[in-house]
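# Coordinates in review
Chain by chain, the residues:
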Amino acid sequence: QVQLVESGGGLVQPGGSLRLSCAASETIFSIYTMGWYRQAPGKQRELVAAISRGGTTDYVDSVKGRFTISRDNARNTVYLQMNSLKPEDTGVYYCNRVIGKITNWVPSSSWGQGTQVTVSS
């Protein structure tokens, strides 16, 4: 059974930082590239960062230079360090496996509850 538990969201001022964590079941963590997805109010879910099992990373252009994805294979955990946050980063953040590319990915049928990130003054 796939389990994904995201945490670390909150309310932060523009320019601030947050670190998100996601504990994933070994059934997907040990096989797949993992990623962080974001769903802003009224918008489609988008993949913002991905990391392969070997540590290769990729980011959508809007977060490059500000977000850093990492993974701890021993703990089946993936992280997203978010710096220089902007109001447009607001949304619910989910982690999940990645099939495809950063701008052309296949949606999963199973998701965690996500963690809310709100960037506002």
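Heads up: these notes are all about the structure in this document. (Residues numbered from 1 in each chain as written. Predicted model: local features only at pLDDT ≥ 70, side-chain atom pairs only at ≥ 80, totals over all residues. Heavy atoms only, no water.)

## Some details on the state of the cysteines
Taken as a whole and judged by the stated rule, the model has one disulfide. Residue C22 pairs covalently with C95 via a disulfide, S to S 1.7 Å. Here C22, found in strand β3 (residues 18–24), pairs with C95, found in strand β9 (residues 91–98); they are 73 residues apart in sequence, far enough to count as distant. Here C22 matches C95 in class, with each residue buried. (Disulfide = S-S within 2.5 Å. Helix = DSSP H or I, 4+ residues; strand = E, 2+ residues; numbered from the N terminus. Buried < 20%, exposed > 50% of the residue type's maximum accessible area, 1.4 Å probe, protein only.)

## Quick look at the sheet that holds β3
As summarised here, the arrangement of the four strands in space is β1-β3-β8-β7, forming an open sheet in which the pairing is antiparallel. Two strands close off the open sheet at either side, each with one partner strand: β1 (4–7) and β7 (67–72). Direction aside, neighbouring strands of the sheet carry axes that sit 15° apart on average. (Pairing = 2+ DSSP bridges. Axes fitted to C-alpha atoms, helices over the stretch in contact; angles between N-to-C directions.)

## Notes on the sheet that holds strand β5 (residues 46–51)
Taking strand neighbours across the sheet as the criterion, the six strands line up as β2-β12-β9-β4-β5-β6 in an open arrangement whose pairing is mixed. The open sheet is flanked by β2 (10–12) and β6 (57–59), the only strands paired with a single partner. Geometrically, the sheet is characterised by an average inter-axis angle of 25° between neighbouring strands, direction not taken into account. Bridge count between β2 and strand β12 (residues 115–119): three bridges; the pairing is parallel. Across the sheet, the residue bridging to L11 is T118, located in β12.

## A short note on unusual backbone geometry
Note: most peptide bonds trans; most residues except glycine with negative phi. For N76, which is not a glycine, the phi torsion comes out positive at approximately 50°. Within the secondary structure, N76 sits in the loop between β7 and β8 (77–82). The backbone of S84 shows a phi angle near 50°, a positive value even though the residue is not glycine. Among the secondary structure elements, S84 is positioned in the loop between β8 and β9.

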